[in-house]
Amino acid sequence: MSEAPATDSTPLCSVDELSTHFAVNRGPFRKGGVVRAVDRVSLEVFAGETVGLVGESGCGKSTLGRTILRLIEPTSGSIHFEGKDITKLSSGAMRPLRRRMQIIFQDPYASLDPRMSVRDTVAEAFEIHGLVKNKSEADERVRSLLTKVGLRADQMDRYPHEFSGGQRQRVGIARALAVDPRFIVADEPISALDVSIQAQIVNLLKDLQEELGLAYLFIAHDLKVVEYLSHRVAVMYLGRVVETAPSRELYDDPKHPYTRALMSAVPVPDPETKRSRIVLQGDVPSPIDPPPGCTFHPRCPIAEKGVCDREAPPLVALKARPSHKVACFKAEG
Ligand SMILES: Nc1ncnc2c1ncn2[C@@H]1O[C@H](COP(=O)(O)OP(=O)(O)OP(=O)(O)O)[C@@H](O)[C@H]1O
Ligand SMILES: [Mg+2]
């Protein structure tokens, strides 16, 4: 993990009390319910910074990432990008901003059109945005992007099926970079790849960040990778951010019992600092009928009856370390 980049006070991207709820039909004899996929989340990402987003499957990471990019409509709350409120912008008004905020998907097999050559895949975005004058300028730009992501310029006339998973993900990254973004949501960009090539893609993302000053919201299951890449980390549970802190601090001194449980499952290289494994009881509850109070309380080893099952704890900063925030009534500050 590198040092956090110097930040001015305005985040590149921020969300405030953002919620994304989905109406779902629960079968013919039951009335519909609401999935609170993202529930009153506040988060900031500064220019040049990586914010890691972790949490068990179904806790709302992808929905949050996509809502920030306005690929999914938020239910309430606000989204700011480059200082501007983009929560309610029309698709026409969003178009010039789309260039600046991109996404890299998990599955490089599903996210590339098999009928399009690499050249067309990468050039499509900047041609739509009118960023090049003619075909030769477009080709030149594709060549330079391919080289930037570690592919050969002469591979541009090939099709996705001619590439390995790692190479396809490089094409996906080149496509995202084609429009000069400042902010990229990387939604589990390595989890579909062979373990042996995951590190190459992680290091590519890191190098590109240094070269281009990109900001990432990096969504992943692998806490080791998140620690390596992220300046700050946010932990989600059932649609809410339960803890956020600078990366090193979160890994050294997690406060929320859920974060502690996640961390305790990560192997540590130094046996002296061996953590005892905390096994969580039960499954993640349904986001349609979340438990009252703190949604983690039924699985929490330190939950207190009459306290944790009454109200949802707010995300508050630790007195001594304002950059470290925890949503737990029982966590020691
Ligand atoms: N379009 C939708 N309609 C209804 N429910 C949805 C929709 N999209 C997501 N959900 C639900 O919202 C919750 C959050 O899903 P999401 O995909 O954001 O989780 P995630 O943290 O990205 O999970 P994973 O780690 O498995 O990718 C889940 O309960 C999911 O079933
Ligand atoms: Mg997801």
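Residues numbered from 1 in each chain as written. Chains lettered and ligands numbered in written order. Predicted model: local features only at pLDDT ≥ 70, side-chain atom pairs only at ≥ 80, totals over all residues.

A. Region of interest: the overall build of the protein chain. The number of helices and strands found in the protein chain is nine helices and twelve strands. Looking at the protein chain as a whole, 39% of its 333 residues qualify as buried. (Helix = DSSP H or I, 4+ residues; strand = E, 2+ residues; numbered from the N terminus. Buried ≥ 20, exposed ≤ 12 C-beta atoms within 10 Å, placed from the backbone.)

B. View of the site of ligand 1. Surveying the vicinity of ligand 1 reveals 13 residues, the closest of which are Phe22, Ala37, Ser57, Ser62 and Thr63. Contributions of two or more residues to the shell around ligand 1 are made by strand 1 (13-24), strand 2 (33-45) and helix 1 (61-68). Of the residues forming the shell around ligand 1, the biggest block, three residues, is contributed by helix 1. For the shell around ligand 1, the per-class residue count stands at six nonpolar, six polar and one charged. (Near = placed C-beta within 6 Å. Nonpolar A, V, L, I, M, F, W, Y, C, P; charged D, E, K, R; others polar.)

C. Examining the sheet that holds strand 5 (residues 84-85) more closely. One open sheet accounts for four strands, arranged 2-1-4-5; its pairing is antiparallel. A strand with exactly one partner marks an edge of an open sheet, and here the two such strands are strand 2 and strand 5. In this structure, strand 1 lies alongside strand 4 (residues 76-81), joined through five bridges in antiparallel fashion. Residue pairing in the sheet places serine 14 in a bridge with histidine 80 of strand 4. (Pairing = 2+ DSSP bridges.)

D. Highlighting the nonpolar core. By size, the foremost hydrophobic cluster in this structure holds 83 residues, and its most contacted members are Leu53, Ala174, Ile184, Leu217, Phe218 and Val235. The residues that make up this core include at least three from each of domain 1 (13-100 + 181-326) and domain 2 (114-180). Discounting residues that sit within four places of it in the chain, leucine 53 has contacts with Lys61, Leu64, Leu217, Phe218, Ile219, Ala234 and Met236. (Core = buried A, V, L, I, M, F, W, Y, C linked by C-beta atoms within 7 Å. Domains from an automatic or database assignment. Contact = placed C-beta atoms within 7 Å.)

E. Up close: the environment of glutamate 73. Mapped onto the secondary structure, glutamate 73 falls in the loop between helix 1 and strand 4. For glutamate 73, a count of 10 C-beta atoms within 10 Å puts it in the exposed group. Along the sequence, glutamate 73 and threonine 87 sit 14 residues apart, while their C-alpha atoms lie 8.5 Å from each other.

F. Representation of the domain arrangement of the protein chain in the model. Splitting the protein chain by domain gives domain 1 (13-100 + 181-326) and domain 2 (114-180). With eleven residues of domain 1 at the contact, the number on the domain 2 side is eleven residues. The element best represented in the side of domain 1 that touches domain 2 is helix 6 (residues 195-212), accounting for four residues. Grouping the constituent residues of the side of domain 1 that touches domain 2 by class yields eight nonpolar, one polar and two charged.

G. Local environment of the packing of helix 3 (residues 118-128) against helix 5 (residues 165-177). The geometry of helix 3 relative to helix 5 is characterised by a closest axis approach of 7 Å and an angle of 30 degrees between their N-to-C directions. Relative to helix 5, the element helix 3 is oriented roughly parallel. Considering only the axes of helix 3 and helix 5, their crossing is right-handed. Residues Val118, Thr121, Val122 and Ala125 of helix 3 form the contact with helix 5, whose own contacting residues are Val171, Ala174 and Arg175. (Axes fitted to C-alpha atoms, helices over the stretch in contact; angles between N-to-C directions. Parallel < 35°, antiparallel > 145°, perpendicular 65-115°, else oblique. Left-handed = near helix turned anticlockwise from the far one by under 90°.)

H. Focus on the pairing of strand 7 (residues 183-187). Counting buried positions along strand 7 yields five of five residues, so the element is predominantly enclosed. Going residue by residue along strand 7, you find Phe183, Val185 and Asp187 tucked away on one face and Ile184 and Ala186 tucked away on the opposite face as well. Bridge analysis of strand 6 (residues 101-104) against strand 7 gives four bridges, and the strand direction is parallel. Among the inter-strand pairings, glutamine 102 is bridged to a residue of strand 7, identified as isoleucine 184. After leaving strand 7, the chain enters helix 6 and then returns to the sheet as strand 8 (residues 215-219), a path that is right-handed. (Right-handed = clockwise from strand over helix to strand, strands pointing away.)

I. Molecular detail of helix 6. Here helix 6 contains 18 residues, and its C-alpha end-to-end distance of 26 Å stays within 8% of the 26 Å for a straight helix at 1.5 Å per residue. Restricting attention to buried positions, one finds in helix 6 the residues Ile201, Val202, Leu205 and Gln209. In an axial view of helix 6, the angular spread of the buried residues amounts to 100 degrees, which keeps them on one side of the axis. Among the exposed residues of helix 6, those pointing more than 90 degrees away from its buried face are Ser196, Glu210 and Glu211. Contacts made by the buried residues of helix 6 are with strand 3 (50-54), helix 5, strand 7, strand 8 and helix 7 (223-229). Glycine 213 lies just past helix 6 and shows a positive phi near 70 degrees. (Expected span 1.5 Å × (residues − 1). Arc of directions from axis to C-beta.)

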